[in-house]
Structure formats: structure tokens, C-alpha cells
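# Coordinate inspection notes
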Amino acid sequence: MPHLTSFRLLYCSPLLSPFKSPFLSFSTLSKSKSPLLNPPSFFTVLSSSSGRYPKLRRHPHHLRRRNSSSFRETNRRDKGMSTEETESGSVGFNKRRAEGRDKNDRPKTLQLKARKLNPVNTICYVQILGTGMDTQDTSSSVLLFFDKQRFIFNAGEGLQRFCTEHKIKLSKIDHIFLSRVCSETAGGLPGLLLTLAGMGDEGMSVNIWGPSDLKYLVDAMRSFIPNAAMVHTRSFGQALGSDGAPIPDLREFSDPIVLIDDEVVKISAILLRPSCLKGSQIVTEEPNMLYPSEVGIEGRRDHLQEPILPHSAGEDSKAGAMVKPGDISVIYVCELPEIKGKFDPQKAVALGLKAGPKYRELQLGKSVVSDRKNIMVHPSDVMGPSIPGPLVLLVDCPTESYLQDLLSVESLSSYYAGSSSNPPESAKTVNCVIHLSPASVVRAPNYQVWMKRFGAAQHIMAGHEMKNVEIPILKSSARIAARLNYLCPRFFPAPGFWSLRHLNHSIPELIASSEGSVTKLCESVAAENLLKFHLRPYAQLGLDRSGIPSLSSPSEIIDDLVSEIPEVVDAAQEVGQFWNGFGEAKGEITPMHDDKVMIEEPWLNWNTLPGCLENITREDMEIVLLGTGSSQPSKYRNVTSIYINLFSKGSLLLDCGEGTLGQLKRRFSVEGADNAVRGLRCIWISHIHADHHAGLARILTLRRDLLKGVPHEPLLVIGPRQLKRYLDAYQKLEDLDMQFLDCRHTTEVSLNAFECSFETNKEHSSPEGPVSFEDVNNRNTVELMNQNIDSSLFAKGSRMQSYWKRPGSPVDHSVAFPILKNLKKVLCEAGLEALISFPVVHCPQAFGVVLKASERINSVGKVIPGWKIVYSGDTRPCPELIEAARGATVLIHEATFEEGMVDEAIARNHSTTNEAIEVGNSAGAYRIILTHFSQRYPKIPVFDDAHMHKTCIAFDLMSVNMADLPVLPKVLPYLKLLFRNEMTVDELDDVISAGLAS
């Protein structure tokens, strides 16, 4: 018989420890010569025979040193950490970080990169960076590549993750240009800027160019990016007033605005406005483009002291509507210098020149005196004919309302082929036109006629085309998703784009105009991911498809998997049996590795089915983990976002990191994600760090567009008060169609005060009439609520109190009353009893959240309690979290670091895997889902098998239905099988080192 090697049952009194339930370690049975009590499962045999798991994964030698108490205490003193001592042990946390005073969070003096230009570039091309091509959630980006410089046009969500996937070094980027200032084109900027700011000791920055709407975006980002005050912005065109209202001016922007003009490239901008704004009055104001930091660089505005304005003004600008933020779109013109002809030494000798320095002068375009003849020798006398420099246009015409302006822009006439208004010597030949305009616009007859004006130019259609939906741009994560789907399709449904593989994407060659005439489509090519158009060497001018990723089908991915891990076929069959009643007996022996098994003691009742799961259906609730990584996106894990799917009753989002919309579309398909966004009831944000909310604006603007013309209420956004400052500033740029509620108004104390006040006023109101807002919002009620919130959020004298009750902007509690009333209505319609925020230990104003479902009655009239979901947000283990999670059906807990990295976890106020599991055990949670893993664990984190009896590791797009919770922990050993050949190495070569504030 196997012998018992260790068993410990530690019980700590709830009154003596912040962890108010026992910490437990489980019985383990070691290998012996005797057979197991029960017939071995396939996985038990596999784990004992293969031996392929490196010991480094479970007990890394280089991590043991971190567990040394003396080393740990030295580290903590060096980093200024605090530790709260209790009778049962210690719970450490970084006091400075919790209070927002961590020296690592202080702004740096970000420097622009100084590069030595190379006027004789041997390589130059434009390349399509296909962000959003498979999901249509954001604008594609375009890279203009030179030997020594890089330029990117548009930085939508997912750009950083895309560049990590395809090994495009963001540190080489010098300039970013925005064709419009909105979430679709600029949603990836916050994460990108934070990543660059974290590089090295000094950090890095880039120049960001865009129309003057850019001011509002930078002002908004200042609220959560500590380095936003030092973003090097270069806005052009009109300058808007500080309150967002334009001030009239009589200039119209008709000529190209030159932005960059050096020996490498000339980049100009041509502004477009909707037809309703034709002849708009343009405004000018004090230039405020660069926003230098208050410390040390007040004078740094480089050469750009005034808004960049065009060289001429129109006469018709005295009338018309005002230009509003977000109305301006930009055409970018990129012109390379001409390629000079070859020097002919024979002609130089014939003109009396001696070989020497004068040859060089002539090649540089300077005239010289002949050595043997009394004449001047000009460059044209000895040089062959020059070749005009290649020319590229990037056109963003977002809607047909911009077409009138596009067709009438006079400054484009010099680029049209065979234009009678241009003398031949001033005509410019366009080699390539990249259209960022959507398909609905480019197929308009007028747009097609305009395209033909460029003669033989190569047209690349980079707007959203259905052709690209079936090709995932993130092949690494798509490959992982397909492998997970093969192993366990219940928890890992097939990604949405696999279902689109057989769509007919044929494009008609003829289109009909409104007058009935038929127009043939201009010849063009559809943009594909990483498609290039070479500009130099001149001999290679044209398209290059060699870098386009090949299309991998799911069957090819699975064939590779089976070849790599043959046992996965039997494993997939065994996992499938879990849903056929396999392995449901209580007290069974669960297989583990190395011939060790974990006994789940019957008296602990860890696997007893909670009452809330009685008669549960698959249409009750599903947890979809859209992003499971921390800090910044990587190839395999996006940043944090959790979609709570209530099916017919709507949905909620818990956190909304960059790329959340793209992940929704990868999970549910393009159309399915639109339906999911339409059905959102509420978005809850845990704290102000960008990896938890940078995708919020994109979700809100899409919902606004989807519901345009449909009666609806603004979406409720609950978050820390700093988030409101960001959203208020951003709404000057785009209407977000939302209402905001401070997390502090959704704590249990605050909600109780609201309910008490509401009921009190209801009792004093007329029995026949409803309770009016005026009744609830009386002076005594507001004062009572203020008193309760301020005095009871933390008990007076609590050690944690100062970390949340820090001075900040005053909150108008009277404004919260109608929103709280709306929250109550929203929750009721969603079948939820409560949404309760609670403070946690991470940074100022950091929260976790509890979702409680309403009770339901089964067919025989029995009352079944509602389920309870708890999400920790980012936190150290703390009493508030344990109390909030008590009796939870599911605890979703961050587990940024592995067990051996406690010091790193304390320094950043995060949790380790073991700490997260201990919190769940202490709270008596039925199931624990670990998420928010450091990107040092590219695919699967390091964890101790012995503690995972009711726990599972989260993966991107993982979907956990409430009906499947009993099976959830059983799948974990098979997930380790899937990644058994993967080494636990840092992904820092692929992920940019240092990123979003985490």
C-alpha cells in the first residue's frame, strides 16, 4: 500500500488571523511498489512513465533562495515595504505603492531618440501591420521603414501585442501619425507609451502627430499615465479652445501641411472634413501641443512653437458650422527624395575636369570650374537623368460624408495622372495609395472615379475586408486556442474566426451608381497582414508578398499536436468523459504526477455541490476570461478582462484592458461580439492602472454606434474616481454614451446607507405615489450617506485605513443617488441581487467586486440561493477580500507570481499562486480560478499540484459555464500535459521589458 508521507491540518482562529479560515495542506501518497487502491487512470500511468516534466518547473533551484527569510527581510527593508504581523504569520505589502508613493511610479524625464539620418537609404518600404484585420475592431496600422528610422501610421488597440508577435521592435519607432483621433486609431497609444516609458533607466518616447483633437486625447491620458505630461505631441491644423469650443478664424486648410522635411523623407498632411462642415470656421489659440513636464523641461518645445498651419487661406471660410473634436480626418503624403542619376566620368574628362574633389561636388549638385577649360561645369552636364522619388499616399475617408471634401481638395490635383491643370514639370507620380477607408466608402462610385485619377498607382485596400476575417493575425494565441479546444471544447470553445472559413468573399467587379450608371471597380489589391510595397531599391519597386503569414487550419494545428504529444488523443477522450458522470464519487483519488496522488478528505466537504448549483442550466451564467495576463499584452495572453455572460439577461465586463473588443470578437465572432456589446448592462473597473481599463473607450464608442437610433440608456461604468477624470476628459473627443459611478458608492456600507435612506423616505411618502428623486435626495439623506461612507469604509484605527482613505477630489453624493437607483434597476433586469465593491491592497482606490445572483424557485417551489462570484482585482491577500469571498461559488483571484517570488509580489502588491489559493481556502470558496499571470510565464504558470484540488488556471478565451464548475479542477492535470514540452522561460525577449503599470 502507498504510505502516508505528510499530513498537516493547521487551524487558525478567525479572530487571530486575517485569513479567517484554516490554511490546509493535503495528504500526499508517494510512490511504492504496491499498486494503487483504484485502477490507475490513463493520466496516472502517463505521469509515472513519461517523467518529462522538468524538475525546474515545480521546484526551481534558482527560486529557493527567494524563500530565505533573511534574504526576504533584507529585500523588504531595501524596498521600503511594510509587513503586518499577526499571530498566525505575516502578510506583507508595499505601503508606499498602496499609498501611491512608490518611487518606481514617479515620472521620468523621457527623452526622444536621437538618430543619425542616412540619406542614402538602401532599403525602404511601407508595410501593412494588420491589427484588427481578423476582428475588425480597430484600424490597421502602416509601417514606413527606413534603414535608420521607422514611422507608424495609426496605433489602434493590439498594436503592441501585434509587434511582439511579429518581432517588430517598438523601440525603433520614431514617429506615430494618427489619421483620426479616436479609439479606433489611437486605442493602443496608452499601452505603447507606458511600455516605451519603462524601457531602461531613462525611458523612451516618440513623437505623436495628429490634428489638434490630439490635445483631448493627451489630456485624458494624463489622468492615469504618470508620464503623459511628457508625451511629445505635434498637433497640426486648427487649435481648439480649452473648453472644447472652437474660436472662429478665417483660415481654411487647403494646402498640404508639411510635418517632416529632411534628407530622408517629406511627410505632409491634408485635412478632410465631413460635407456638413465644408467651409468651417477654423480656430487658433495659444499653442499647447507638447505639454512639457512641470519639472525641468518647461522650455522644451523644440522647433515647434506655434500650431503648424497651411500656407494659404480660403475666402469661403467665413460661414459654416464649427469644427468639433473628432471631425477631422487626414491624408498623409510621403515623398522620398529623387534618386540622382549616375555620374559619368568620361563626360567630366571631356569638359576638362581632373579626377578629384570636384567630382564629389558635382554629385552633390554643385557647379564647379573646369580645370582645363574656361567654363563652368554643371551637374546636369555630367550626371545621368534623375529618377523621381517614390511617393505614397495614405487616405482615411471614414464615411461618405467626407467624400465631397476628398473630391474637391485642390492640393491633391498635382498628384493626379494626366491632369490638364498641372504642367508636366510639376506633375508628381504616385506609386502607391493605401486606403484606410472602409469598404462601404471605397466602393462608392464617386470614390472609385477618384481612385482612377492616380493612373497606374498601386491601390492597397486596408479597410475592413471580410477576406481577412478568417486569418488570425495572432497566430501564436490562435494555435494555443485550437490545441485547448481539441483537449476540452467545453471550457475552450472554437474561436469565432474558425466558423468563417467557408464564407464567399468574392467582390463584384461592377457597381451601380444612384443614377443607374454602372462603374467598373478600379484595379486594386486587398491588404494582407505584413504585405509590403518596396520603395527602395528602385529595382524592387512594387508589391512583396513574401512576408505574409501562411494560413493554418485547425486540422493542421491538431495534426502537429498529436504528432508532438500522442497521448493527447486519449487525454481528450478522458476529459470528455467528465461530462458523462465520470469520476464524481466523493473521496476519490485524483491523479497527480510522479506517482503522487492527492486525497480530498471527505470531512472537509471541498467538493460538496453548493446549493446554488442545484438544477443549474447552461443558460444561467458563463465566465469568459478574455484576458489573463498582467502588465502588458504578450503573444499568448492579453491583459485583464472578464466577460460575465448572463445570456438572455445581458452581460457585464469586469475590467476592460486594451484589446478587450478584439478578444470578444475572437471568442464570439464579429457579429456575435457586436451582440455582446449591445447587451452589456454594466462595466466595472477595479483600479486606474491602464492594463485594466485601456480598452474601455473602444467598447463604449462601439456600443454607441451599434445603438444609434435605438432607444437605450447610457451604459453604467463603475470604477475608481480617477477613472472619471479620464472619461470626462475623453468625452470632449468622443461621446461615450455612459454614466459613471464611483466604486466607493458601491461598497456594502454605502449601498446599505442608500437602501436605508430610500426605505425611510418611502415610508414618509404618500402610499399612493412613487418615491421621487427629490424625496430621496434630501439634505439629511445625503449627509447620512456621506457620514456612513466616510466613517465606515474602514473601521477607525484599522491598519489598512490610510491606504484607501487618502485625500482626493470631493465626491458629490447627491449625484450618485439617481445612478444608484439606475444600478438597482440594471441589476434586477440582469437577475442579480447585488454588485458590491470592496477595497483591496494594491494602489490608491483599488477594489475587488462581489456579484450575487438573485434566488430562484425550482419546479417544485423550492427556493434555490443565487450564486456568488468574487473577483479580486489586483491585490495582496487582505482580510477585506477574504471576508468578501466567504462562501463564494467562484473566486477569480489574481496570481501574478509563482510561490518562490513572494518578495516581488510584495514589492508590487500582487499575490502569488499559493497565496491566492490560500485566500480561497480561507474564505471557503467552492472553485478558484487563477488569472493575471506575469508575462514571464508565456503559456502556463508555475504552481504546486498539491494545492489545486478546487482550482484551475485561466487561459485567454476560456469559458467556464456554471453548470461545469464541478468538473473544472479535474481538467488541470491535462492542461499541464498539453504544455509539458514548454520550458518556463521569461518571454522578455518577445515582450518589451517593462510595460503598463501593473
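See the structure above.
Calculation rules
- Residues numbered from 1 in each chain as written.
- Predicted model: local features only at pLDDT ≥ 70, side-chain atom pairs only at ≥ 80, totals over all residues.
- Heavy atoms only, no water.
- Helix = DSSP H or I, 4+ residues; strand = E, 2+ residues; numbered from the N terminus.
- Buried < 20%, exposed > 50% of the residue type's maximum accessible area, 1.4 Å probe, protein only.
- Contact = heavy atoms within 4.5 Å.
- Areas by Shrake-Rupley, 256 points an atom, 1.4 Å probe, with all protein chains shown as cover.
- Polar contact = N/O pair within 3.5 Å; in protein donor to acceptor, adjacent residues only side chain to side chain.
- Pairing = 2+ DSSP bridges.
- Axes fitted to C-alpha atoms, helices over the stretch in contact; angles between N-to-C directions.
- Core = buried A, V, L, I, M, F, W, Y, C linked by side-chain atoms within 4.5 Å.
- Parallel < 35°, antiparallel > 145°, perpendicular 65-115°, else oblique.
- Left-handed = near helix turned anticlockwise from the far one by under 90°.
- Salt bridge = Lys/Arg side-chain N within 4 Å of Asp/Glu carboxyl O.
- Phe/Tyr/Trp six-rings, centres within 6.5 Å; stacked < 30°, edge-to-face > 60°.
- Lys NZ or Arg CZ within 6 Å of the ring centre and 35° of its normal.
- Arc of directions from axis to C-beta.
- Right-handed = clockwise from strand over helix to strand, strands pointing away.

Turning to the overall build of the protein, a few remarks are in order. Along its length, the protein carries 30 helices and 42 strands. When each of the 998 residues of the protein is scored for burial, the buried share is 58%. The contacts in the protein between residues at least 6 apart in sequence include a share of 73% that link residues at least 24 apart. Accessible surface computed for the protein: about 40,500 Å², of which carbon and sulfur atoms make up 52%.

What follows is about the side chain of Asn529. Looking at the secondary structure, you find Asn529 in the loop between β23 (525–526) and β24 (532–536). Side-chain polar atoms of Asn529 contact the backbone nitrogen of Gly130, separated by 3.1 Å.

Right, let's get into the sheet that holds strand β25 (residues 542–544). Taken in spatial order, the eight strands make up an open sheet running β12-β11-β9-β8-β7-β6-β24-β25, and their pairing is mixed. Edge positions in the sheet fall to β12 (232–236) and β25, since each of these pairs with one other strand and no more. Sheet twist, expressed as the mean angle between neighbouring strand axes with direction ignored, is 25 degrees. Bridge count between β24 and β25: three bridges; the pairing is antiparallel. Bridged to His534 within β25 is Gly542. Lying over the sheet, helix α9 (residues 214–221) contacts β11 (207–211) and β12, oriented at roughly 130 degrees with respect to β11.

A few words on the nonpolar core. The biggest cluster of nonpolar side chains holds 107 residues, and the ones touching the most others in it are Leu144, Phe153, Ile267, Tyr332, Ile434 and Ile683. No other element matches α9, which puts six residues into this core. Leaving out residues up to four positions away in the same chain, Ile267 has contacts with Leu144, Phe151, Phe153, Phe177, Ile257, Val258, Leu259, Ile260, Tyr332, Val333 and Cys334. In this structure, Leu741, Ala884, Phe897 and Phe955 belong to the second largest nonpolar core, which totals 105 residues.

Moving on, we come to unusual backbone geometry. The omega torsion across Arg536 and Pro537 is 0 degrees, close enough to zero to call that bond cis. Position of Pro537 among the secondary structure elements: in the loop between β24 and β25. With phi around 75 degrees, Asn154 is a residue other than glycine that occupies positive phi space. By the secondary structure assignment, Asn154 is in the loop between β8 (150–153) and α6 (159–165). In this structure, Asn909 takes a positive phi of about 55 degrees despite not being glycine. Considering the arrangement of structural elements, one finds Asn909 in the loop between α28 (902–908) and α29 (913–923).

As a further point, take helix α21 (residues 721–730). Here α21 lies mainly inside the structure; seven of its ten residues are buried. All of the buried residues in α21 are Arg721, Gln722, Leu723, Tyr726, Leu727, Ala729 and Tyr730. Taken together, the buried residues of α21 touch α7 (183–186), α9, α20 (696–706), β32 (715–719) and β33 (738–742).

Here we come to the packing of helix α19 (residues 660–678) against α20. The description of two packed helices rests on the angle between their axes and on the distance between the axes. With their axes 11 Å apart at the nearest point, α19 and α20 run at an angle of 30 degrees to one another. Our classification of the angle between α19 and α20 gives roughly parallel. The chirality of how α19 crosses α20 is right-handed. On α20, the residues touching Thr660, Leu661, Leu664, Asp674, Val677 and Arg678 of α19 are Arg698, Ile699, Leu702, Arg703 and Leu706.

Attention now moves to the pattern of salt bridges. Side chains that carry opposite charge are capable of pairing whenever their charged atoms lie near each other. With the rule as written, the count across this model stands at 26 salt bridges. Here Arg545 ties to Glu528 by a salt bridge, and the two come within 2.8 Å at their closest N and O atoms. Remark: Glu528 occurs in the loop between β23 and β24 and Arg545 occurs in the loop between β25 and α17 (554–564); sequence separation between them is 17 residues. When its relative accessible area of 42% is taken as the criterion, Arg545 is described as partly exposed. Classification of Glu528 as buried rests on a relative accessible area of 17%. For Arg703, the salt bridge is made with Asp737, and the minimal N-O distance between the two is 3.7 Å. Of the two residues, Arg703 sits in helix α20 while Asp737 sits in the loop between α21 and β33, which places them 34 residues apart along the sequence. Each member of the pair Arg703 and Asp737 is classed as buried.

The next thing to look at is the packing of aromatic side chains. Ring pairs (aromatic) are described by centroid distance and by the angle formed between their planes. A complete count under the given rule lists 21 aromatic pairs for this structure. Geometrically, the ring pair formed by Tyr643 and Phe668 is edge-to-face, given 5.5 Å between the ring centres and 65 degrees between the ring planes. On the criterion of sequence distance, the pair formed by Tyr643 in strand β29 (residues 641–645) and Phe668 in helix α19 is long-range, its members being 25 residues apart. Seen from their ring centres, Trp684 and Tyr871 are 6.1 Å apart, and the 75 degrees between their planes marks the pair as edge-to-face. One end of the pair, Trp684, is in strand β31 (residues 680–684); the other, Tyr871, is in strand β38 (residues 868–871), with 187 residues separating them in the sequence. Tyr871 matches Trp684 in its accessibility class, with the two residues each being buried. Across from the ring centre of Tyr416, 5.1 Å away, lies the NZ or CZ of Arg453, which sits over that ring. The ring of Tyr125 is capped by Lys532, whose NZ or CZ atom sits 4.3 Å from the centre of that ring.

To continue, consider the environment of Val368. With respect to the helices and strands, Val368 occurs in strand β16 (residues 368–369). The sequence separation of Val368 and Leu353 amounts to 15 residues, and the corresponding C-alpha distance is 9.2 Å. Aside from chain neighbours lying at most four places away, what touches Val368 is Leu353, Lys358, Glu361, Leu362, Ile375, Met376 and Val377.

Buried within α17 are the following residues: Ile557, Ile558 and Leu561. Take α17 and look down its axis: the buried residues cluster within an arc of 95 degrees, on one side only. Opposite the buried face of α17, by more than 90 degrees, sit the exposed residues Asp559, Asp560 and Ser563. Buried residues along α17 sit against α16 (475–487), α18 (568–576) and α30 (972–978).

Let us now look at the pairing of β33. Within β33, four of the five residues are buried, which leaves it mostly tucked inside the rest of the structure. Summarising the sheet, β32 and β33 pair through five bridges and their orientation is parallel. When the bridges of β33 are listed, Gly719 appears paired with Asp742. At this point the chain moves from β32, through α21, to the parallel β33, and the crossover so formed is right-handed.

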